[in-house]
Amino acid sequence: MRTTFFLVRKEFLQIFRDRTTVFQIFMIPVIQLLILANAATFDVKRVRMLVVDEDRTTVSTGLVERLEGGRQFRVVRYEPSDVGVDYALLDRQVTAVLHIPRRFEEDLVRRGRAPVQLVLNSEEGATAGIVQSYATAILDSYARELDRTLPAVRAGSNTVRRVAPLDLRTRRWYNPTRNYKHWMVPALMVSLTTIIGLLLTAQNIVREDELGTLEQLNVTPMTKLQFIAGKLIPFWLIALVIFSLGLLIGRLVFGIPMRGSLLLVYLAAAVYLIVVLGLGLWISTVTRTQQQAMFVAFFMILIFLLMSGLFTPVESMPKWAQLVAEANPVKHFVGIMRAVLVRGAGIETVGRPIVGLAVAGIGVLALAVVRYRKSVA
Amino acid sequence: MRAFLGFVRKETLHLLRDRQTLAILILFPVVQVLIFGFAVRTDVEDIAIAIVDPTPDIATNQLRERVATSDRFHLVEVVPGTQGLELEFRRGTIRQALVLPRDVERKLGRGDSLPVQLLTDGSDPNTGGIMQGYATAILQRWYRDAVPAGGPLRIEAETRMRYNPTLESAYLFVPGLIAFVLTLMSALMTAISITREKETGTMEMLLVSPIRPTAIVAGKVIPYIVLGFIGVVLVLVAARTVFGVPLQGSLLLLLAESGLYILTALALGIVISTRVPNQRAAMIAALAGLMMPTLLLSGFIFPLDSLPWPLQWLSSVVPARWFLTIVRGVMLKGAGLATLWQETLILIGMTMFLLAVGSRKLAIRLE
């Protein structure tokens, strides 16, 4: 115990002596969280739109007005015909082109339906899908509006009808204001803590190896377990501090909800960090140079983050990838954070993933202890 | 010149000697493309939905049928009442619920109002919105067929997706990945290999040699330029053969732009290396400092158009943003220099600026 304590103390001294690193460890996550939380949003606003209106009637102008009325579209150009439209898309001057054909109003009045054409730049696919759904929603509501205001003209061509009106009420639970930050901030906290924690541990042992100080530690009577524990504890504490900073910022700056138990969040964080830091230490024992350790850590982080459901939903991945993602600790922790903070889930929901993380943590630590050799090859 | 070539040779040998790192450097970009091309998707499928139907009849059965046979939904259960729904939402076993009123068939026949409630797990606003859109669409189609002819007015939008007609995720992520992998690898490799010499003390030996400091740095980055290039080519081949990502524009232009971008990233690495004392700080700066901004402020995953203006401004100093526009332009849209000259000029400007800053700060003496 005392031995481990000394090692912990030594690690702390070594880290806090290095001002640049201390600054980086605590400031990078904080600054990034503050800035990036605003960037991580699929909420599409002010889509630049080009309108080709060949109809030029009250109804077609009304449609353009409705599109401009919301905050999603901004009509930046009007063209009398399709000429030059392609280049505007290619050059990214506009993202969407709305083409209202001739006889739009006439068709609506006579046949009750009329087509419009919407061309979207889909090089950023996710965006295109969202823009499309916004546009369709606006078109639908405009059609409903016309349904009430146009019948004077339609009455002649239509027999009296008595149709049950569909009264659809939609409700979105847990995030009614559609605040993307509530969804992203808990996950961004996880990713920033993970990046720092994994990098620090992955680099740690191999650095001592490179500098030659590992041999000095190896000749001490310290056991392998004590050694790994001494390496783990300081970073575990540092990571928990970073995590708490993140929670604080999330609460104070972004006002993210904390519907579930904070204690549960910390329990999950404590267990999760053991897995991540254990992985880092394991990387550090199997690599020979800091450079190698960094690359392994880098690619591991990248795969962990992008396959965690952090940015793109896990449910959208193909089945095999979802299975692979089950082995991804980040996925589970991101899931736990969102479930507890946003949906207010309790132990009955997140108990299983926490136990899973605990098992993984023990496994990873065992691996690191076994892989670490006190003798020089 | 001979001294310089000798130095480049030394650096190359350094790199080639470390087989493990070399394998990682060459293999990983390809592995990344494969994994992400397959796994990173934004389309929403298999939505777990529950239908609350207190009095099942022919009309509601038709609706149930439609939901069950749709690819987008996975009908988990049909229950008579709403009790227990909330728990299932919280557990995540269902993500949507469609609550129908009593006697749907009779209401339709008599022309009464049909109050339907659609509950959606909106904790992820984006996915929530998409799910709501899908469910509304299926409900409205069912409704249109269930009510007698006539029906309300309709404006039918015929949508065309230019440049990526099927919204194939791989088309989006491959260009992004090229930018991402190049940024981090090139910047990281340079930053580390320079700080490493500092840390192990060999930098002093190099500095007392007759080679000029700028030549030292140039010699250090040349092997990595080659390596970065190999990476780009491998990624392009993988993207092409496995996912059929098109290359609409000129290959030569794409390679030239990639070469330019590798230089930008290397210059970034040099700047980092001049500002940090050791490898650890270099790594944290290059990875923790660059990874998230490159991921989030480049348009790789999240659209830039909707950012508030301070962030839009901030994103314009992220080199990956410009490179991404170029790669997407060349690969998906077949754009040429005529449309991409601005982005190219910006990258050239950034590279010169970074190189200038880097070489000015380059320590002739260590302390």
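Treat the numbers as computed from the prediction; the structure is a model and nothing was measured.

Colleague: Looking at this model, I keep getting lost on the domain arrangement of chain B. Mind explaining?
Modeller: Frequently, the measure chosen for interface size is the accessible area that the parts lose on association. Looking at the assigned domains, one finds that chain B contains domain 1 (2–40 + 167–361) and domain 2 (47–146). Taking only C-alpha atoms, the centre of domain 1 of chain B and the centre of domain 2 of chain B are 49 Å apart.

Colleague: How should the interface of chain A and chain B be read in this particular structure?
Modeller: Listed by partner, the interface residues are 104 residues for chain A and 103 residues for chain B. A total of 15 residues in the side of chain A that touches chain B trace back to one element, the largest contributor, which is helix 6 (residues 125–149) of chain A. Considered class by class, the residues forming the side of chain A that touches chain B number 54 nonpolar, 30 polar and 20 charged.

Colleague: Which parts of the structure should I look at to understand the nonpolar core?
Modeller: Counting 228 residues, the largest nonpolar core has A:Leu188, A:Leu199, A:Ala297, B:Leu184, B:Leu188, B:Ala286 and B:Leu287 as its most contacted members. If one sorts the elements of this core by residue count, helix 7 (residues 169–200) of chain B sits on top with 19 residues. Not counting residues up to four positions away in its chain, the partners in contact with B:Leu184 are A:Phe298, B:Leu287, B:Leu290, B:Met291 and B:Thr294.

Colleague: When you look at the packing of helix 1 (residues 2–17) of chain A against helix 10 (residues 224–252) of chain A in this model, what are you seeing that I'm missing?
Modeller: Angle between the axes and distance between the axes are the two parameters that describe a pair of packed helices. All names here are of chain A. It is at 8 Å that the axes of helix 1 and helix 10 come closest, and there the two elements cross at 40 degrees. Relative to helix 10, the element helix 1 is oriented oblique. Once helix 1 is placed against helix 10, the crossing between them reads as right-handed. Contacts between helix 1 and helix 10 involve Thr3, Thr4, Leu7, Val8, Glu11 and Phe12 from the first element and Gln226, Phe227, Ala229, Gly230, Lys231, Ile233 and Pro234 from the second.

Colleague: I'm lost on unusual backbone geometry in this one. Help?
Modeller: Apart from glycine, the bulk of residues carry a negative phi angle, and the bulk of peptide bonds sit in the trans form. In the Ramachandran plot, A:Arg56 falls in the positive-phi region, its phi being about 50 degrees despite a non-glycine side chain. Looking at the element boundaries, A:Arg56 is found in the loop between strand 1 (47–53) and helix 3 (58–69).

Colleague: Any chance you could explain the pairing of strand 1 of chain A here in plain terms?
Modeller: For a regular strand, side chains alternate in direction, first toward one face of the sheet and then toward the other. All names here are of chain A. Summarising burial for strand 1: six of the seven residues are buried, a large majority. Sheet analysis places strand 1 next to strand 2 (residues 73–79), joined by six bridges and oriented parallel. Bridge pairing links Arg48 to Arg74 in strand 2. Handedness of the crossover joining strand 1 and strand 2 through helix 3 is recorded here as right-handed. In the sheet, strand 1 pairs with strand 3 (residues 96–100) via five bridges, with the strands oriented parallel. The partner of Asp53 across the bridge, within strand 3, is Ile100.

Colleague: Help me understand the confidence of the model for chain B, please; the structure alone is not making it clear to me.
Modeller: Detailed reading of the predicted coordinates is not advisable wherever pLDDT is low. Mean pLDDT for chain B: 82, with 95% of residues reaching 70 or above. Confidence metrics for the complex model read pTM 0.77 and ipTM 0.73.

Colleague: Is there a simple way to explain the domain arrangement of chain A in this structure?
Modeller: Per the domain assignment, the segments making up chain A are domain 1 (2–40 + 180–371) and domain 2 (47–154). Here the C-alpha centroids of domain 1 of chain A and domain 2 of chain A sit 48 Å apart.

Colleague: What should I look at first to understand helix 3 (residues 58–69) of chain B in this one?
Modeller: Three- or four-residue spacings in an α-helix give side chains the same orientation, since the helix completes a turn every 3.6 residues. Residues and elements named next belong to chain B. For helix 3, spanning twelve residues, the distance from its first C-alpha to its last is 16 Å, which sits close to the expected 16 Å at 1.5 Å a residue. Along helix 3, the positions that sit buried rather than exposed are Ala59, Thr60, Leu63 and Val67. One side of helix 3 holds all its buried residues, which, seen down the axis, span an arc of 95 degrees. Among the exposed residues of helix 3, those oriented more than 90 degrees off its buried face are Ile58, Glu65 and Thr69.

Colleague: Teacher, can you tell me more about the packing of helix 8 (residues 180–211) of chain A against helix 11 (residues 279–296) of chain B here?
Modeller: For the pair helix 8 of chain A and helix 11 of chain B, interaxial distance at closest approach is 10 Å and the crossing angle is 160 degrees. Relative to helix 11 of chain B, helix 8 of chain A is oriented roughly antiparallel. Between helix 8 of chain A and helix 11 of chain B lies a crossing of right-handed hand. Mapping the contact onto sequence places A:Ile195, A:Ile196, A:Leu199, A:Gln203 and A:Arg207 in helix 8 of chain A and B:Arg280, B:Met283, B:Ile284, B:Leu287, B:Ala288 and B:Met291 in helix 11 of chain B. Grouping the constituent residues of the contact of helix 8 of chain A with helix 11 of chain B by class yields eight nonpolar, one polar and two charged.

Colleague: Would you take a moment to explain the confidence of the model for chain A for this structure?
Modeller: Residues and elements named next belong to chain A. Across chain A, the average pLDDT comes to 84, with 93% of residues at or above 70. Least confident of the elements in chain A is helix 7 (residues 151–154), whose mean pLDDT is 52; most confident is helix 11 (residues 262–286), at 94. Overall, residues 154–162 carries pLDDT values under 50, and its contacts beyond four positions in sequence, including any with other chains, amount to six contacts.

Conventions we followed
- Residues numbered from 1 in each chain as written.
- Chains lettered and ligands numbered in written order.
- Predicted model: local features only at pLDDT ≥ 70, side-chain atom pairs only at ≥ 80, totals over all residues.
- Domains from an automatic or database assignment.
- Contact = placed C-beta atoms within 7 Å.
- Helix = DSSP H or I, 4+ residues; strand = E, 2+ residues; numbered from the N terminus.
- Nonpolar A, V, L, I, M, F, W, Y, C, P; charged D, E, K, R; others polar.
- Core = buried A, V, L, I, M, F, W, Y, C linked by C-beta atoms within 7 Å.
- Buried ≥ 20, exposed ≤ 12 C-beta atoms within 10 Å, placed from the backbone.
- Axes fitted to C-alpha atoms, helices over the stretch in contact; angles between N-to-C directions.
- Parallel < 35°, antiparallel > 145°, perpendicular 65-115°, else oblique.
- Left-handed = near helix turned anticlockwise from the far one by under 90°.
- Pairing = 2+ DSSP bridges.
- Right-handed = clockwise from strand over helix to strand, strands pointing away.
- pLDDT = per-residue confidence, 0-100.
- Expected span 1.5 Å × (residues − 1).
- Arc of directions from axis to C-beta.

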